[in-house]
Amino acid sequence: MLKRSLLFQNVNIRVIHFENCLRKILTTSGLQKYSNSSQNEQTTTDNSNNDEQVFPNLKSKDMTYWTQHETDILKNAVLKHGNKWTYITKEYFQSNKKPETLCQKWKTIRLSESRPSYYNKWSTEENKLLIKGVEKYGVGNWTEISKLIRTKDSYQIQKKWKQVSKKKSGKWTKEEDRLLFKLIEEYGGKWNIISDFIDRPYNSCLMRYQTLSFKPWTPEENNKLRDAILKYDHDWDKIMKNFPDRTLNEIKKYYWNNPKANPHANTGRWKEEEIKKFWEAFEIYGKKWINVSKDVGTRTPKQCHMFFRTREYNKMNT
C-alpha cells in the first residue's frame, strides 16, 4: 500500500511539473510574439511620425488650402527640378496635388513676388509718382513711368491714370445720361472713348449704363430661359432669339447667378460629391467661379462663391 501511494505521489508530482513547464513555454512564446508585435507597431508608428515631421499636412487628397510649409516645399522643388510637375507631385507631395494645381500655384507665387502690392490700394506716394511720371514722360509712356513706380506695372498705371485723369465725380445729371446713350449708339461698348467725352472714369460710365438699362426678369422669362437651356444647352445664339429685348451679357449674367434659371443646378444643401468637386476645381482655378461651377456641374458661380465665403466666415469665427 505504501509503495502504491508513493508511486501515485511521484506520478502526480511529475504531472504537475510537466504542466508548469508547458505553462512557462506558452507564456514565454506569447511574450515573444507580443514583444515582436509591439516592436513592429513601434517601428510603424515611428515611421509614420517621421513622415508627419517631413511632410506635415500632406495626408489626404482632398486638401483645400496651401500652407506655408507646402509653398516652401514647392519653391525648393522647382529650384531643383524646374517645371517637372508630375515628378514633383510624386516625390514631394505623394500625388496629393495635381500637376495643374502646382503649375497654377507657381504662377501665383511668381506674380505675388514680382508685384508685391498688386492687390493693394494705391497710396498717396504712388499717386504723386504717377502724376510726376505723366508730367515727365507724357501720357502713353507707361513703361517709362513704371520704372518710377516699382510696385506697379504698366497696365496698372495705365488703368489708374484713366480713373485719376477724369475730373467729374458724384451724381449723374440728366444731360449726362442722354449723352451716354447717344455715345453708346454711336460707339457701342468702347468705354474709353465714351469716358473721354463725358469726362468720367470708364468704369463709372459702364456702371451707370447698367443701372439705367437694367430690366427685372419676370417669372415667364425665367421659365423660358430654363426651357431654352434644356433644348439648346449652351448655344447662346439660339437662346438669344427667344429674348429679343435682352443682350447676351444680361442673359448669361442672369443664368450664372440665379439657380432658378439653371435646370441643372441644385438649391438644397451641398452634397459630399459636390464639395469634393468644388475643392478640386478651386485648387485649379482659384476664385474663377464660372470655371469652378462648370467643374461642379450642379451649382452656379454665385452658389460657389457663397459656399466659399461661408466656409471662410466659419473658419474665422471658430
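Sequence order sets the numbering: in each chain, residues are counted from 1 along the sequence as written. Residues qualify for local features only when their pLDDT is at least 70, as the model is predicted, and side-chain atom pairs are given and counted only at 80 or more; totals for whole chains, interfaces and linings, by contrast, use all residues. Side-chain numbers come from the whole structure's heavy atoms, not from hydrogens or water.

(A) Local environment of unusual backbone geometry. Even without being glycine, Asp-199 reaches a positive phi, approximately 65°. Looking at the element boundaries, Asp-199 is found in the loop between helix H9 (191-198) and helix H10 (202-212). The buried label goes to any residue with under 20% of its type's maximum accessible area, the exposed label to any with over 50%, and the partly exposed label to all in between, with areas taken from a 1.4 Å probe on protein chains only. Relative accessible area serves as the criterion here: at 24%, Asp-199 is assigned to the partly exposed category. By the criteria applied, helices consist of DSSP H or I runs no shorter than four residues and strands consist of E runs no shorter than two, each listed in order from the N terminus.

(B) Molecular detail of the packing of H9 against H10. Axis angles are defined between N-to-C directions and span 0 to 180 degrees, where every axis is a line fitted to C-alpha atoms and, for a helix, only to the segment in contact. It is at 8 Å that the axes of H9 and H10 come closest, and there the two elements cross at 95°. Between H9 and H10, the crossing angle belongs to the class labelled roughly perpendicular. Of the residues in H10, those touching H9 at Trp-191, Asn-192, Ile-194, Ser-195 and Ile-198 are Tyr-202, Cys-205, Leu-206 and Tyr-209. Residues were grouped as follows: Ala, Val, Leu, Ile, Met, Phe, Trp, Tyr, Cys and Pro as nonpolar; Asp, Glu, Lys and Arg as charged; and all remaining residues, including Gly, as polar. In terms of residue class, the contact of H9 with H10 is made up of seven nonpolar, two polar and no charged. Roughly parallel means an angle under 35 degrees; roughly antiparallel means over 145; roughly perpendicular covers 65 to 115; every other angle is labelled oblique. In this description, contact between two residues means that some pair of their heavy atoms is separated by no more than 4.5 Å.

(C) Highlighting helix H11 (residues 219-232). By this rule, a helix spans an expected 1.5 Å times one less than how many residues it contains. Along its 14 residues, H11 runs 20 Å from first to last C-alpha, staying within 8% of the 20 Å computed at 1.5 Å per residue. Residues of H11 that are buried: Glu-221, Asn-222, Leu-225, Ala-228 and Ile-229. For H11, the arc enclosing every buried residue in end-on projection is 125°, short of the 170-degree limit, so these residues lie on one face. H11 presents Pro-219, Glu-220, Asp-227, Leu-230 and Lys-231 as exposed residues on the side facing more than 90 degrees away from its buried surface. Just downstream of H11 lies Asp-233, where phi reads positive at about 60°. In this description, one arc is meant: the one made by directions from the helix axis to the C-beta atoms.

(D) Structural context of the layout of surface pockets. Both site types are read off a 1 Å grid over the protein atoms alone. A 1.4 Å probe that fits but cannot get out defines a cavity, while an open set with protein on both sides within 12 Å along at least five of seven lines defines a pocket; lining residues have an atom within 4 Å of a point. Grid points are joined across faces, edges and corners, and a volume is the space filled by probe spheres set on the points. Volume-wise, the largest pocket comes out at about 520 Å³. What lines the largest pocket is a set of 18 residues, among which Phe-214, Thr-247, Asn-249, Glu-250 and Lys-253 lie closest to the centre. The set of elements that each furnish at least two residues to the lining of the largest pocket consists of H10 and helix H13 (248-257). With five residues, the single largest contributor to the lining of the largest pocket is H13. In the lining of the largest pocket, the residues fall into six nonpolar, six polar and six charged.

(E) Summary view of the pattern of salt bridges. A pair is scored as a salt bridge if a Lys or Arg side-chain nitrogen falls within 4 Å of a carboxyl oxygen belonging to Asp or Glu. One pass over the full model with this rule turns up eight salt bridges. Residue Lys-97 pairs with Glu-283 through a salt bridge whose shortest N-O separation is 3.7 Å. Of the two residues, Lys-97 is situated in the loop between helix H3 (85-92) and helix H4 (99-114) and Glu-283 in helix H14 (residues 272-285); the sequence distance between them amounts to 186 residues. Judged by its relative accessible area of 11%, Glu-283 falls in the buried class. Arg-246 is the partner of Glu-250 in a salt bridge, and the nearest nitrogen-oxygen pair spans 4.0 Å. The class of Glu-250 is partly exposed, set by a relative accessible area of 22%. Salt bridges linked by common partners bring Glu-221, Arg-246 and Glu-250 together as one network.

(F) The side chain of Gln-303, seen in detail. Tracing the chain through its elements places Gln-303 in helix H16 (residues 301-317). The exposure class assigned to Gln-303 is buried, which follows from its relative accessible area of 14%. A 3.5 Å cut-off defines polar contacts: any pair of N or O atoms within that distance qualifies, except that in protein one atom must be a possible hydrogen donor and the other a possible acceptor, and neighbouring residues in sequence count only when both atoms are side-chain atoms. A distance of 2.8 Å separates a polar side-chain atom of Gln-303 from the backbone oxygen of Asn-266. Filtering out sequence-adjacent residues up to four positions away, Gln-303 remains in contact with Pro-259, Ala-265, Asn-266, Thr-267, Trp-270 and Thr-298.

(G) Region of interest: H3. What H3 keeps buried is the set Trp-85, Ile-88, Thr-89 and Tyr-92. Summarising the axial view, the buried residues of H3 lie within an arc of 105°, below the 170-degree limit, and thus occupy one face. Positioned one or two residues after H3, Gln-94 has a phi angle of 55°, which is positive.

(H) View of the packing of aromatic side chains. Each aromatic pair joins two rings of Phe, Tyr and Trp (for Trp, the six-membered one) with centres within 6.5 Å, and gets the label stacked for planes under 30 degrees apart, edge-to-face for over 60, and tilted for any other angle. Considering all chains together, one arrives at 18 aromatic pairs under this definition. A centroid spacing of 5.8 Å and a plane angle of 80° characterise the contact between Trp-270 and Phe-278, whose relative ring orientation is edge-to-face. Across the pair, Phe-278 and Trp-270 agree in class, each one buried. Between the aromatic rings of Trp-279 and Phe-307, the centroid separation amounts to 6.3 Å while the plane-to-plane angle is 55°, which identifies the pairing as tilted. Linking Trp-279 in helix H14 with Phe-307 in helix H16, this pair joins segments that are 28 residues apart in sequence. As far as the burial class goes, Trp-279 and Phe-307 line up, both buried. One aromatic cluster is present, built from ring pairs that chain together Trp-270, Phe-278, Trp-279, Phe-282, Trp-289, Phe-307 and Phe-308. Looking at Lys-224, its charged tip hangs above the ring of Phe-243, at a distance of 5.7 Å from the centre. The criterion for a charge sitting over a ring is simple: Lys NZ or Arg CZ within 6 Å of the ring centre, and within 35 degrees of the ring normal. The ring centre of Trp-217 lies 4.4 Å from the NZ or CZ of Arg-246, which sits over that ring.

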